[in-house]
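A closer look at the structure
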Amino acid sequence: LAAIGRRASRAARMGRFGVPAAHNKILVMTLINVSNLFCHSLFSILPAFFPQEAKSKGMSDDAVGIVFACFPAVIFLTSPFAGPFMSRHGKKWVYTTGLIVVAISTICFSVASYMPAGSPFATWCLLIRLTQGLGSAMEETAAYALIADMDTDNVSFFMGLTE
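Residues numbered from 1 in each chain as written. Predicted model: local features only at pLDDT ≥ 70, side-chain atom pairs only at ≥ 80, totals over all residues. Heavy atoms only, no water.

Helix and strand counts for the protein come out as seven helices and zero strands. Element order for the protein, N to C, with α for helix and β for strand: α-α-α-α-α-α-α. The 163 residues of the protein split such that 29% are buried. For the protein, contacts bridging at least 24 residues in sequence account for 70% of all contacts bridging at least 6. Carbon together with sulfur atoms contributes 71% to the accessible area of the protein, which is approximately 9800 Å² in total. (Helix = DSSP H or I, 4+ residues; strand = E, 2+ residues; numbered from the N terminus. Buried < 20%, exposed > 50% of the residue type's maximum accessible area, 1.4 Å probe, protein only. Contact = heavy atoms within 4.5 Å. Areas by Shrake-Rupley, 256 points an atom, 1.4 Å probe, with all protein chains shown as cover.)

Here you go:
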């Protein structure tokens, strides 16, 4: 019986695939933080090049501002709807889907320079930024839920690392 007890306590300390659970937490935190960094860089890197490109394609300053502002606005408006999706499909599914949506829409945004000048360019940029905001809202909301589930005793510590 003592051998069974030792094996059970060892199994409780080990995560999936025989890797210690603490290593899994570090890996998950690292991956979530790296993906958050890339998703948030979509918001901060755009001012370096987009206004000049938009001006050359005939967009007004107001239209450029709308393209910038729609990304956080969509995150603000759609994040509350990610909760029901997580209840229905699971946190990992929402997180992964959000990352995929952000990745695909970012690739699509890179094609904007090939769009004709004027309203086709402006419409394309606006629609893609709206899609990026939706994917980012899904990813960010699910990431915080995954972190909260990872270690219920140290939630504030892991949330602080993510912020």
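What follows covers the packing of aromatic side chains. Applying the stated criterion across every chain, the model contains three aromatic pairs. Both rings, one in phenylalanine 50 and one in phenylalanine 68, keep their centres 6.1 Å apart while their planes meet at 85 degrees; by these two values the pair is edge-to-face. In this pair, phenylalanine 50 sits in helix α3 (residues 50-56) while phenylalanine 68 sits in helix α4 (residues 61-89), placing the two residues 18 residues apart along the sequence. Using a relative accessible area of 2% as the deciding quantity, one classes phenylalanine 50 as buried. Site record: aromatic cluster; members linked through ring pairs are Phe50, Phe68, Phe109 and Phe121. (Phe/Tyr/Trp six-rings, centres within 6.5 Å; stacked < 30°, edge-to-face > 60°.)

Taking 1.5 Å as the rise per residue, helix α5 (residues 91-109) with 19 residues should run 27 Å; its terminal C-alpha atoms sit 27 Å apart, in good agreement. Turning to α5, its buried residues are Val94, Tyr95, Gly98, Val102, Ser105 and Phe109. On an axial view of α5, the arc spanned by its buried residues comes to 105 degrees, and they lie on one face. In α5, the exposed positions angled more than 90 degrees off the buried face are occupied by Lys92 and Ile107. (Expected span 1.5 Å × (residues − 1). Arc of directions from axis to C-beta.)

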